[in-house]
Amino acid sequence: MSSKADIHPGPSSDSTAPGSGTDIAAHADSSGRLATAPAVLGIGAYLPTRVLGNDELARLVETNDAWIRERTGIIERRVSAPGETTADLATRAALAALENAGLAAHDVDLLLVATITGDEAPRATAVRVQHAIGATEATAFDVGLACTGFLAALVTAEQFLRAGGPYQHALVVGVDRLSAITDYSDRDTCVLFGDGAGAVVLGRGEGELLDHEIRVDGGRGDTITTRATRIGPAHAEAPEAKGPYLTMRGREVFRFAVQAFCDRIEQVVQRNGMTLEDLDWIVPHQANQRILEAGARKLGVPMSKVITNVSTRGNTSAASIPIALQEAVADGRVQRGHHIALVAFGGGLSQGVSLLRW
Ligand code: ACO
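Remember, predicted model here, so these are calculated numbers, not experimental data.

Trainee: With reference to specific residues and values, describe the overall build of the protein chain.
Mentor: Looking only at helices and strands, the protein chain has 10 helices and 13 strands in total. The buried share of the protein chain, taken over its 358 residues, is 56%. Taking contacts inside the protein chain between residues at least 6 apart in sequence as the whole, the part at least 24 apart equals 77%. Only carbon and sulfur atoms are counted for the fraction: they give 49% of the accessible area of the protein chain, which is about 14,300 Å².

Next comes the structure, spelled out in structure tokens:
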């Protein structure tokens, strides 16, 4: 059924379990190759200031605050202001992450942006951000894997850093402006989505990216899709196709997401010689509170270990994991040394996990 493709570097050889004594400050060897896995050096996020509440949506479509809260857990979400671009959101998050890491833009050798809502076709959002922050030395390109995009970008950046050479610091941004592809006359989807950006800086330091796995199942791609492509109608014979708005089969996505949540965490924990108890935190893609609760229940972990902010952020696709993680770091829940599983599921269909020691 699922065609497994993809990016799975496997557990890092030098650190397979918590407390395995990998008190690392990673070092580069003479080739510049990192002797240990890179770490997160800084984290930042940006949310547009405009709040879109449930009552406002209830004036646009036949819905109500009680239904949205009960079925999704969402109370409000942020949406960008007219003229505020995806690159603008990404730039703000990128600068916040750099400041948090105590690094300057010229220190960035690689700049990856995970997004499915880039502002323009020929110029990657990463390239726009590279220019906006003045990261003149950075290789920059986008990674598109919907809600799993941030994890796909994270593992891509890790491979560059492990290869060494000119790549010592990477800036990885997850950003989406889903309001740009949301049909605000479709109650099935418009209650879910929001805009935002989150970013991390990777390099040598405390903590460690331990393991990743990204899987895709292109055969189920039409479960979440758009009726038209961004560059023209998908079907000339279907002029009614509204474009490029997100559509989905919600219940099917729900079931897929709960299963992916469990499978990916169970496997990564097992592969690294850990148990679920060894995990301090799970930071899932913020799709729907009920998905997260069902996933935690099925997996057998208490919700107190699951970081959620979907109630006030909605589903921000590639941005949701780094935003949730940034909030948990900022308020002190996540501490140095904690073991964290980031888990994502969404368009593709795609799913992924990253295991890290903070
Ligand atoms: N307000 C009121 N009623 C609604 C609304 C709404 N906004 N939306 C749907 N309904 C109705 C339906 O029409 C249906 O009515 P019916 O029983 O008369 O047919 C009823 O509510 C129940 O609909 P369901 O689809 O069964 O509701 P469910 O409990 O499954 O919740 C939801 C729907 C919230 C979409 C849920 O399935 C879900 O969260 N799915 C996953 C969505 C997701 O994560 N998508 C990923 C997006 S892609 C990306 O992130 C980029």
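Trainee: Summarise helix 10 (residues 320-330); cite the residues concerned and give the values.
Mentor: Within helix 10, 8 of the 11 residues are buried, leaving the element largely enclosed by the surrounding structure. Turning to helix 10, its buried residues are Ser320, Ile321, Pro322, Ile323, Ala324, Leu325, Glu327 and Ala328. Of the residues flanking the end of helix 10, it is glycine 332, one or two places downstream, whose phi is positive at about 90 degrees.

Trainee: Go over the sheet that holds strand 5 (residues 139-143), please, and point to the residues and values.
Mentor: The 5 strands lie next to each other as 1-7-6-4-5, forming an open sheet whose pairing is mixed. Each of the sheet's edge strands pairs with one partner strand only, and the pair in question is strand 1 (39-46) and strand 5. Adjacent strand axes in the sheet meet at a mean angle of 15 degrees when their direction is disregarded. Note that strand 4 (residues 110-114) and strand 6 (residues 170-177) share 5 bridges and pair parallel. From the neighbouring strand, leucine 110 faces strand 6, where its bridge partner is alanine 170. Running at roughly 135 degrees to strand 1, helix 3 (residues 86-101) makes contact with strand 1, strand 6 and strand 7 (195-203) of the sheet.

Trainee: Help me get a handle on the site of the ligand, residues and values and all.
Mentor: In the vicinity of the ligand there are 24 residues, among which Thr63, Arg71, Cys147, Arg251 and Asn288 approach most closely. Side-chain polar atom of arginine 71 to an oxygen atom of the ligand: 2.7 Å apart, as the coordinates give it. Contact with the protein chains removes 78% of the 1,000 Å² of surface that the ligand exposes when unbound. If you list the elements that add at least two residues to the shell around the ligand, you get helix 2 (65-72), helix 6 (187-190), helix 7 (250-271) and helix 8 (289-299). For the shell around the ligand, the leading source of residues is helix 7, giving 4 residues.

Trainee: Tell me about the packing of aromatic side chains, and name the residues and values.
Mentor: A full pass over the atoms with the stated rule returns 3 aromatic pairs. Taken together, a centroid distance of 6.1 Å and an interplanar angle of 45 degrees make the contact between phenylalanine 141 and phenylalanine 160 tilted. Of the two residues, phenylalanine 141 is situated in strand 5 and phenylalanine 160 in helix 5 (residues 149-163); the sequence distance between them amounts to 19 residues. Seen in terms of ring centroids, phenylalanine 261 and phenylalanine 345 are 6.5 Å apart; in terms of plane orientation they differ by 40 degrees. Their pairing is tilted. Pair noted here: phenylalanine 261 is in helix 7 and phenylalanine 345 is in strand 12 (residues 339-346), with a separation of 84 residues, a long-range link. Taken together, the ring pairs in this structure connect Phe141, Phe160 and Tyr167 into an aromatic cluster.

Trainee: Give me the lowdown on the nonpolar core, citing residues and values where you can.
Mentor: Membership of the largest hydrophobic core comes to 44 residues, with the highest contact counts inside it found for Phe261, Ile265, Leu279, Ile282, Leu299 and Phe345. Taken together, the elements giving at least two residues each to this core come down to helix 7, helix 8, strand 12 and strand 13 (350-357). For this core, the element with the most residues is helix 7, which contributes 10 residues. Here isoleucine 282 is in contact with Phe261, Ile265, Leu299, Val301, Lys305, Val306, Ile307, Ala341 and Val343, once residues within four sequence places are set aside. Among the nonpolar cores identified, the runner-up in size contains 36 residues, and Ile43, Leu110, Val172 and Ile214 belong to it.

Trainee: Which residues make up the pattern of salt bridges, and what values go with them?
Mentor: A complete count under the given rule lists 17 salt bridges for this structure. Note that arginine 69 is salt-bridged to aspartate 65, the shortest N-O span being 3.0 Å. Taken together, the residues span about one helical turn, with arginine 69 and aspartate 65 both in helix 2 at a distance of 4 residues. The class of arginine 69 is partly exposed, set by a relative accessible area of 42%. Note that arginine 271 is salt-bridged to aspartate 211, the shortest N-O span being 2.9 Å. Of this pair, arginine 271 sits in helix 7 while aspartate 211 is found in strand 8 (residues 208-216), placing the two residues 60 residues apart along the sequence. On the basis of relative accessibility, which here comes to 25%, the residue arginine 271 falls in the partly exposed class. The exposure class assigned to aspartate 211 is buried, which follows from its relative accessible area of 1%. Here the salt bridges do not stand alone but share partners, grouping Asp119, Glu120, Arg123, Arg128 and Arg177 into one network.

How each quantity is defined
- Residues numbered from 1 in each chain as written.
- Predicted model: local features only at pLDDT ≥ 70, side-chain atom pairs only at ≥ 80, totals over all residues.
- Heavy atoms only, no water.
- Helix = DSSP H or I, 4+ residues; strand = E, 2+ residues; numbered from the N terminus.
- Buried < 20%, exposed > 50% of the residue type's maximum accessible area, 1.4 Å probe, protein only.
- Contact = heavy atoms within 4.5 Å.
- Areas by Shrake-Rupley, 256 points an atom, 1.4 Å probe, with all protein chains shown as cover.
- Pairing = 2+ DSSP bridges.
- Axes fitted to C-alpha atoms, helices over the stretch in contact; angles between N-to-C directions.
- Near = heavy atom within 4 Å.
- Polar contact = N/O pair within 3.5 Å; in protein donor to acceptor, adjacent residues only side chain to side chain.
- Phe/Tyr/Trp six-rings, centres within 6.5 Å; stacked < 30°, edge-to-face > 60°.
- Core = buried A, V, L, I, M, F, W, Y, C linked by side-chain atoms within 4.5 Å.
- Salt bridge = Lys/Arg side-chain N within 4 Å of Asp/Glu carboxyl O.

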